[in-house]
Amino acid sequence: MRFGNRRPFHGGEDVKLTNAPAAESLLQFIQGNNILADKGFIGTDWQTEISRTTGNRVSTAKRVNQHQQTSPVFERLLQHFRERIEGVFNEVQNTGRNLERLLRKKVEGLCVHVAAKMASHTLRILLRQRFGIDVLTFEQTPVQPFGQLT
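Overview of the structure. (Residues numbered from 1 in each chain as written. Predicted model: local features only at pLDDT ≥ 70, side-chain atom pairs only at ≥ 80, totals over all residues. Heavy atoms only, no water.)

### Quick word on helix α3 (residues 72-93)
Because an α-helix completes one turn every 3.6 residues, residues spaced three or four positions apart along the sequence face the same direction. The following threshold applies: Helix and strand definitions follow DSSP, with helices as H or I runs of at least four residues and strands as E runs of at least two, each counted in order from the N terminus. Here the expected length of a helix is defined as 1.5 Å per residue gap, with one fewer gap than residues. Using a 1.4 Å probe on the protein chains alone, a residue whose accessible area is under 20% of its type maximum counts as buried, one over 50% counts as exposed, and one in between counts as partly exposed. This arc is built from the directions going out from the helix axis to the C-beta atoms.
In a regular helix each residue adds 1.5 Å, so 22 residues correspond to 32 Å; α3 covers 31 Å between its end C-alpha atoms and thus fits that length. Every buried residue of α3 is listed here: Phe74, Leu78 and Val92. Buried residues of α3, viewed axially, fall in a sector of 55°; they line one side. Turned more than 90 degrees from where α3 packs its buried face, Pro72, Val73, Arg76 and Glu83 sit exposed.

Encoded structure:
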């Protein structure tokens, strides 16, 4: 059931949909977390507003010309996460059909395709880490002990 520009969300809650940028739309569903972001989210006023409304703490690297800088340890941590995220994006995008070139007529079709692609990616990681099977080359490699997943 729809009520104007509201739609039901998990647990029957109503969520007001706005024309806000994607980050604000997503963050209205996430509460009380530490979020690592890139320099596009560097604005102090924006970070303060997100913290006030959602309880999320947004941390970003600083630009070179800013007076207040982040520690080199934080910069390395952020770079580490960025490399992993970019690697996953690259792998998901470049295996099977490219997500940017899908011609789906309905949003539901796109969502189903994205969910299937992510399930495929997750299964590929599981097979590689738990059983040493690379499904792209059908080669088998030695398996790492379970507690040492990369």
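### Notes on the pattern of salt bridges
For clarity, the threshold we go by: Think of a salt bridge as a Lys or Arg side-chain nitrogen and an Asp or Glu carboxyl oxygen that are within 4 Å of each other.
Within this structure, the stated rule accounts for two salt bridges. A salt bridge links Arg52 to Glu49; the nearest nitrogen and oxygen atoms lie 2.6 Å apart. Here Arg52 and its partner Glu49 are both found in helix α2 (residues 44-54), three residues apart, which amounts to about one turn of the helix. The exposure class assigned to Glu49 is partly exposed, which follows from its relative accessible area of 37%. Close ionic contact of Glu91 with Arg124 constitutes a salt bridge, the shortest N to O distance being 3.3 Å. Here the residue Glu91 occupies a position in helix α3, and Arg124 occupies one in helix α4 (residues 107-131), the gap between them amounting to 33 residues. Using a relative accessible area of 8% as the deciding quantity, one classes Arg124 as buried.

### Here's the deal with the pairing of strand β4 (residues 57-60)
Selection rule: Whether two strands pair comes down to DSSP finding at least two bridges between them. With strands facing away from the observer, any crossover in which the path from the first strand over the helix to the second runs clockwise is taken as right-handed.
Note: strand β3 (residues 34-37) against β4, four bridges, orientation parallel. Bridged to Ile35 within β4 is Val58. On the question of chirality, the crossover connecting β3 to the parallel β4 by way of α2 is right-handed.

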